[in-house]
Amino acid sequence: MSIRPIDVARTDGGPQWVEAVATPSGVEVWWDEPRPHEGGRRCVVRRLPDGSRTDALPPGWNARNRVIEYGGRSWRPLPGGGLVFTNWADQRLYRLDPGAEGPVPITPEGPSRYADLYLPPGRDEVWAVRESDDVRDLVAVPLGGGGPVTAIVQAQHFLMNPRISPDGRHVAWIGWDHPNMPWDGTELCVAPLNGDGTAGAHRVVAGGPEESVAQAEWRDAGSLYAVTDPTGWWNVHVVHLDGAPARNLTPMEQEFGSAAWKPGMAYLAVAETGELAVVYGSPDRRRLGVLDPETGDLREIGGDATYWSSTVSVAGGKVAGVGATPYTPLEVSLVGLEGGGGREIVSARKPLPGRDLLPTPEAMTIEGVHAHLYPPSGAQGPAPYVIFVHGGPTGNHPVVLDLEIAYFTSRGIGVAVVNYGGSTGYGRAYRERLRHQWGVVDVQDCARVARGLVELGRADAARIAIRGGSAGGWTTVAALVHSDVFAGGVAHYAITDPESWAAETHDFESRYLDGLIGPLPETRERYTERSPLLNAYRASGPCLMMHGLEDAIVDVSQAERFTAALDEHGKEWALLTFPGEQHGWRREETIVAALEAELAFYGLIFDMETPEVPPLTLKGRA
């Protein structure tokens, strides 16, 4: 018995942006979740204190936005059960009141996008990051609609994390400029609020070119809590407005933050008691804890969950977050601030296959490279293996239930997830291993893990493939042309030529390669040497490429040009494109089709029978 593609599709993705709300009858929990079976929309869900759940967003509405193309926090619950949210179709802000016929727009039509929504206490408005033609500012939008949208802050090229001080006199935010990415260096800024709602001149109170502030929350009118990494680890600090030295509340080699790919991620929340709910740890084990900022005492409260994602909220003595284990997916959970009561799952439980179909992960380090091994079912001796490469490349693969992995392990194909140099979760020094070395360190680390599995007798040297999406797709095709380890590769929405990608991609990542490879034109030789497109003739095996036709981050032409180059040099390849998909798969039918094609590909290169999926034809195969 094996896991079906439809099983994977119906558990794909996880909840995000949780919020706990205290009410007279108890604590409500809000979140949004993916709906692959509803065209891939994200639906906001509300769970009442009595345990009942309801969709807070009507069918046909999609709480997503395209700020920096990856999107950011897209909604907030309003007092009394209403909702303010961004809608994918037109990128406008909408308000939805209980009992209303439907959502009402509160921003004008036009090209602007909004994200990182925040409700400043005592004001009948929502604050957000507004993006218009690659220009960003922090704005205030009247919740009643009809009023002018006020630009509060116009400062750095990128902004996030707008917060009003408890006395209403200051605004804080996090900003950064090209060529930095938010995990390279950001600035925590504070400015006085003028009577007209705009901000005065700002000053930087934390961060800098080589220090990354990932989140900040006001502690009181004169200080903030900041998740920042001057020590090389994202720790929680107290930052004072009067210029007094910042104090590290968690001086340990643990990450209390992560790469801010989406504005609005939350790693800490301030409780009514003054304690802090925090998410911390590594991809191997990421905990939910409570930090006493006065004593530095940190206690874990996450119950049986071994991984907590980057969203946390506190209200009414309860902590809401998203937790998972190696055998259960990411689920919205509620935990008592005092701990001891375990976690209550408040999102709908997803149907899961039997435990006997799920692999047991093994954390390992091979030649200094972090990896998680998922052994195949029924393996006797060396087995075929696939190296999974995460995107980013400043991301990581956590140890959580992933039915995409189990889909292959249940069919006798092992999976090794590689958190190569450059991955987050292991401190700045580990992620800085990739600086100017993209296409070198990531490829070498994946090859090291593959060879290590062969030496351990786990993997068959002739049957090892590599796969990944986005930057993981880049590493996949780069490994095919710059190593001889892999029998083939599967690349989802992959970058295949770095110089052309840098010229044609969106603003947020347009200078990313300055740090990953080097600035242009000074280091063009590196781009040429590492380009999979320009080295396609060296491919060690066939390549299956899959791409969404609405991808604004990596254009489908990257896949088309690479497969044309493979064809020119007599290499084997296949290219599948999906209308209506952007950078990543969201629709149930796409997820199913992509999985079936990938399995068929492994059947061809591993010489395995795969009668349960449609056959795949490789161009160039005799």
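What counts, and where the lines are drawn
- Residues numbered from 1 in each chain as written.
- Predicted model: local features only at pLDDT ≥ 70, side-chain atom pairs only at ≥ 80, totals over all residues.
- Heavy atoms only, no water.
- Helix = DSSP H or I, 4+ residues; strand = E, 2+ residues; numbered from the N terminus.
- Rg over C-alpha atoms; globule rule 2.2 N^0.38 Å.
- Buried < 20%, exposed > 50% of the residue type's maximum accessible area, 1.4 Å probe, protein only.
- Contact = heavy atoms within 4.5 Å.
- Expected span 1.5 Å × (residues − 1).
- Polar contact = N/O pair within 3.5 Å; in protein donor to acceptor, adjacent residues only side chain to side chain.
- 1 Å grid on protein atoms, 1.4 Å probe; cavity = no way out; pocket = protein on both sides within 12 Å on 5 of 7 lines; lining within 4 Å.
- Points joined across faces, edges and corners; volume = space filled by probe spheres on them.
- Nonpolar A, V, L, I, M, F, W, Y, C, P; charged D, E, K, R; others polar.
- Pairing = 2+ DSSP bridges.
- Axes fitted to C-alpha atoms, helices over the stretch in contact; angles between N-to-C directions.
- Parallel < 35°, antiparallel > 145°, perpendicular 65-115°, else oblique.
- Right-handed = clockwise from strand over helix to strand, strands pointing away.

The next subject is the overall build of the protein chain. Along the protein chain, the regular secondary structure elements total ten helices and 36 strands. Radius of gyration (C-alpha) of the protein chain: 24 Å, near the 25 Å computed for a compact globule of 622 residues. By principal-axis analysis of the C-alpha atoms, the protein chain measures approximately 75 × 55 × 50 Å. When the 622 residues of the protein chain are sorted by exposure, 62% land in the buried category. Partitioning the contacts of the protein chain with sequence separation of at least 6, the portion at a separation of at least 24 is 56%.

In this model helix α5 (residues 471–482) runs 16 Å from its N-terminal to its C-terminal C-alpha over twelve residues, within 8% of the 16 Å that 1.5 Å per residue would give. Taken across its twelve residues, α5 has eleven buried, putting it largely inside the fold. Among all positions of α5, only Ala471, Gly472, Gly473, Trp474, Thr475, Thr476, Val477, Ala478, Ala479, Leu480 and Val481 are buried.

What follows covers the side chain of Arg73. With respect to the secondary-structure elements, Arg73 resides in the loop between β4 (53–55) and β5 (75–78). The exposure class of Arg73 is buried, given its relative accessible area of 4%. Side-chain polar atoms of Arg73 contact the side chain of Glu19, separated by 2.8 Å. Those residues in contact with Arg73 that lie beyond four places of it in its chain are Trp17, Val18, Glu19, Asn65, Ala115, Asp116, Leu117, Pro263 and Gly264.

Another aspect to go through is the layout of surface pockets. Vacant regions in the atomic arrangement are exposed by a probe of water-molecule size rolled over the atoms. Its volume calculated, the second largest pocket comes out at about 360 Å³. Lining of the second largest pocket is provided by 21 residues; of these, Glu33, Pro34, Arg35, Ala348 and Lys350 occupy positions nearest its centre. It is strand β2 (residues 26–35) that provides the largest number of residues to the lining of the second largest pocket, a total of four residues. Grouping the constituent residues of the lining of the second largest pocket by class yields nine nonpolar, two polar and ten charged.

Take the side chain of Thr311 next. Within the secondary structure, Thr311 is located in strand β25 (residues 307–315). Contacts of Thr311, omitting those with residues within four sequence positions, involve Trp17, Val18, Ala266, Ala320, Gly321 and Val322.

Another aspect to go through is the sheet that holds strand β27 (residues 328–336). Read across the open sheet, the four strands follow the order β25-β26-β27-β28; overall the sheet is antiparallel. The sheet terminates laterally at β25 and β28 (343–345), the two strands that pair on one side only. Across the sheet, the mean angle separating the axes of adjacent strands is 30° when strand polarity is ignored. Relative to β27, strand β26 (residues 318–325) is paired through seven bridges, and the arrangement is antiparallel. Bridge pairing in β27 places Val322 opposite Val332.

This part takes up empty space enclosed by the protein. What the rule picks out here adds up to four cavities of 30 Å³ or more. Together, 13 residues line the second largest cavity, and Gly392, Ala471, Ile495, Trp501 and Glu509 are the ones closest to its centre. Its residues placed into classes, the lining of the second largest cavity shows ten nonpolar, two polar and one charged.

Across the interface, helix α4 (residues 441–455) lies against α5 with an axial gap of 9 Å and an inter-helix angle of 75°. Comparing the axis directions of α4 and α5 gives the class roughly perpendicular. For the pair formed by α4 and α5, the contact residues are Asp442, Val443 and Cys446 on the first element and Trp474, Thr475, Ala478 and Ala479 on the second. Residues of the contact of α4 with α5, tallied by class, amount to five nonpolar, one polar and one charged.

Where burial is concerned, most of strand β32 (residues 414–419) is hidden: six out of the six residues are buried. On β32, burial covers both faces: Gly414, Ala416 and Val418 on one face and Val415, Val417 and Asn419 on the other are all buried. Looking at chain direction, strand β30 (residues 369–374) and β32 are connected through five bridges and run antiparallel. Paired with Ala371 across the strands is Val418, a residue of β32. Relative to β32, strand β31 (residues 383–389) runs parallel, the two sharing five bridges. Across the sheet, Tyr385 pairs through a bridge with Gly414, a residue of β32. Each parallel crossover has a hand, and the one from β31 via helix α2 (residues 403–409) to β32 is right-handed.

With that out of the way, let us pick up the pairing of strand β23 (residues 286–291). With five of six residues buried, β23 lies mostly within the body of the structure. Pairing between strand β22 (residues 276–281) and β23: six bridges, direction antiparallel. Each bridged residue has a counterpart across the sheet, and for Ala277 the counterpart in β23 is Val290. The hairpin turn running from β22 into β23, its antiparallel successor, is four residues long.

This paragraph deals with unusual backbone geometry. Geometrically, the link from His178 to Pro179 is a cis peptide bond, its omega value of 5° lying close to zero. For Pro179, the location among the structural elements is in the loop between β14 (170–176) and β15 (187–192). Here the amide bond leading from Gly392 into Pro393 is cis, since omega sits at 0°, within 30 degrees of zero. Position of Pro393 among the secondary structure elements: in the loop between β31 and α2. Positive phi, normally seen in glycine, also occurs at Tyr493, with a value near 35°. In this structure, Tyr493 sits in the loop between β34 (488–492) and α6 (498–504).

By themselves, these observations are geometric and do not establish any function.
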